[in-house]
Amino acid sequence: MDRLTNIAQQFAASRPVTELRAFGSGNINDTYLVTIASDREPQFVLQRINTHVFQQPALVMQNMCIFTEHVCQQLQAQTDGLERRWAVPRVLLTLANQDHWVEPDGSYWRAISFIDGSETIDLIQDIEHGREVGYALGRFHHLISNLDPALLADTLVGFHITPQYLADYHQVLSTATIAVSEQVDYCLKFVRDRQAWARVLEDAKNDGKLPLRPIHGDPKVNNVLICTTTQQAIGIIDLDTVKPGLVHYDIGDCLRSGCNPLGEETKEWEQVEFDTQMCRSILAGYLSQASGFLTEDDYAYLFDGIRLIAFELGLRFFTDYLAGNVYFKVKYPTHNLDRALVQFKLTASIEAQEPIIRSIINDLRA
Ligand code: GN1
Ligand code: MG
């Protein structure tokens, strides 16, 4: 038996593993879809957690279990029977009842159930898909809006703290050997011009205007589960970054992903635009579920959140390019530079359409 099959076998409840293939398009963890000889739940998802990024994987599992238990309780308490289907992946245990498996080389593995009849889609398809993606994030936030964030561990210190990413950037810049090019110059200037503003959400948080809440951390389009029959959203996966944060990080991340129809991997970075029609649709879907717990201040910082998370992701990609691609997986040496250009162009498009985006937010909250 090869090594991967042997690892998968640990989570297969004594059923033989019949197939194993790479799955999804994550930038951090390695993910596989495993098929076992069983009529009930014949498939599950196996992942190697990147412990260079998540240095305390046991805390990731702990958060996942607290989250899952809370959401299952909430779903059971919804007795009106009118709620749409909502699925949460289950953590699978090994034969020794552990929620993870550690290989002799130290690699850390875990498995979760595969949600039957669902798919994930890399690129936003149309306005209806956008509404579903927004609905999914709103429903997700609503389900955990009464979960005390203090129960969740900080599994990735500094995640979405933009001033910290800027400090890391300057640190890398001070030692990196930079291959000068027009594109690198564009990025350097792009960051320089926005440094002072980049504290906006952290300042609002420190001033007590924006509260810490439990968040997803990575609600991009392809983390939303779509039902293959109804095309409705039925869940959100990739729960490694569920931890205390600002809902603005999530809303910004969802919109920077959903309103970029060319996608974050496009080579046509100069063509990238923020689609404001899609923004309206995603936000409408979101607010249909989330308007109940958002405050005046939450709304006041929504535009900044949208602009900031696109900028922040560009900064993270650019820094990783300068550092020699040590964080995000890459397929070629300038991959992170290309990704940074996409996010910076998207940020510029958000900035150019600020009045439209602000009026969409105002219309929808009215
Ligand atoms: C990473 O691994 P993946 O693709 O789920 C990253 C996110 C980025 C995303 C960009 C822990 O997520 O923050 O938005 O890439 N996750 C982490 O595609 O850094
Ligand atoms: Mg992720």
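This text follows the structure it describes.
Predicted model, so just to flag it, every value in this text is computed and none were measured.

A. Seen up close, the overall build of the chain. A count of helices and strands for the chain gives twelve helices and eleven strands. At 20 Å, the chain has a C-alpha radius of gyration in line with the 21 Å of a compact globule built from 366 residues. Classification of the 366 residues of the chain by burial places 55% in the buried group. In the chain, once contacts between residues fewer than 6 apart in sequence are set aside, the share between residues at least 24 apart is 73%. Accessible area of the chain: about 16,200 Å², with a carbon and sulfur share of 50%. The average position of the 31 basic charges and that of the 47 acidic charges among the side chains of the chain differ by 0 Å.

B. Seen up close, the pairing of strand β2 (residues 30-36). Along β2, seven of the seven residues are buried, which leaves the element largely enclosed by surrounding structure. Burial along β2 is two-sided: D30, Y32, V34 and I36 facing one way and T31, L33 and T35 facing the other are all buried. Pairing of strand β1 (residues 17-22) with β2, which is carried by five bridges, proceeds in the antiparallel orientation. Across the sheet, residue V17 finds its bridge partner in β2, namely I36. Here β2 folds back onto strand β3 (residues 43-49) in antiparallel fashion, the turn holding six residues, of which E41 has a positive phi close to 50°.

C. Summary view of the side chain of Q10. Positionally, Q10 belongs in helix α1 (residues 3-10). The class of Q10 is buried, set by a relative accessible area of 14%.

D. The arrangement of the sheet that holds strand β10 (residues 233-236) in detail. Pairing within the open sheet is antiparallel, and its three strands lie in the order β7-β9-β10. Looking at strand neighbours, the two that pair on one side only are β7 (118-119) and β10, the edges of this open sheet. Relative to strand β9 (residues 224-227), β7 runs antiparallel, the two being bridged by two bridges. The partner of E119 across the bridge, within β9, is I226. Its contacts with the sheet place helix α3 (residues 127-144) against β9 and β10, and it is angled at close to 50° to β10.

E. Representation of the site of ligand 1 within the structure. Around ligand 1, a shell composed of 16 residues is seen, among which D218, K220, E264, R316 and Y327 lie nearest. Side-chain polar atom of K220 to an oxygen atom of ligand 1: 2.6 Å apart, as the coordinates give it. In terms of residue class, the shell around ligand 1 is built from seven nonpolar, three polar and six charged. Both domains that meet at the shell around ligand 1, namely domain 1 (3-114) and domain 2 (127-365), each give it at least three residues.

Scoring rules and cut-offs
Numbers given to residues run from 1 along each chain, matching the order in which its sequence is written. Going through the entries in the order they are written, you letter the chains from A and number the ligands from 1. The predicted nature of this model means local features are confined to residues of pLDDT at least 70 and side-chain atom pairs, given and counted, to a pLDDT of 80 or more, with totals for whole chains, interfaces and linings taken over all residues. Hydrogens are left out, water is left out, and the side-chain values use all remaining heavy atoms of the structure. The numbering of helices and of strands both runs from the N terminus, where a helix is a DSSP run of H or I of at least 4 residues and a strand a run of E of at least 2. Atoms counted for the radius of gyration: C-alpha only. Globule rule: 2.2 Å times the number of residues to the power 0.38. In this scheme, a residue with accessible area under 20% of its type's maximum is buried, one over 50% is exposed, and one in between is partly exposed, where area comes from a 1.4 Å probe on protein chains only. Two residues form a contact once any of their heavy atoms are found within 4.5 Å. Computed with the Shrake-Rupley method and a 1.4 Å probe, the accessible areas treat only the protein chains shown as cover for residues. Charge assignment: positive for Lys and Arg, negative for Asp and Glu; neither His nor the chain ends contribute. Taken as the charge centre is NZ of Lys, CZ of Arg, CG of Asp or CD of Glu, depending on the residue. Two strands form a pair only when DSSP identifies at least two bridges running between them. Inter-axis angles, ranging from 0 to 180 degrees, are taken between N-to-C directions of lines fitted to C-alpha atoms, where helices are fitted over the stretch in contact. Any residue with a non-hydrogen atom lying within 4 Å of a molecule or strand is treated as near it. Each polar contact in these results corresponds to two N or O atoms within 3.5 Å; when the atoms are within protein, one needs to be able to donate a hydrogen and the other to accept it, and residues that are neighboring in sequence are counted only if both atoms are side-chain atoms. The classification used treats Ala, Val, Leu, Ile, Met, Phe, Trp, Tyr, Cys and Pro as nonpolar, Asp, Glu, Lys and Arg as charged, and all other residues, Gly among them, as polar. Domain start and stop positions are those given by an automatic or database domain assignment.

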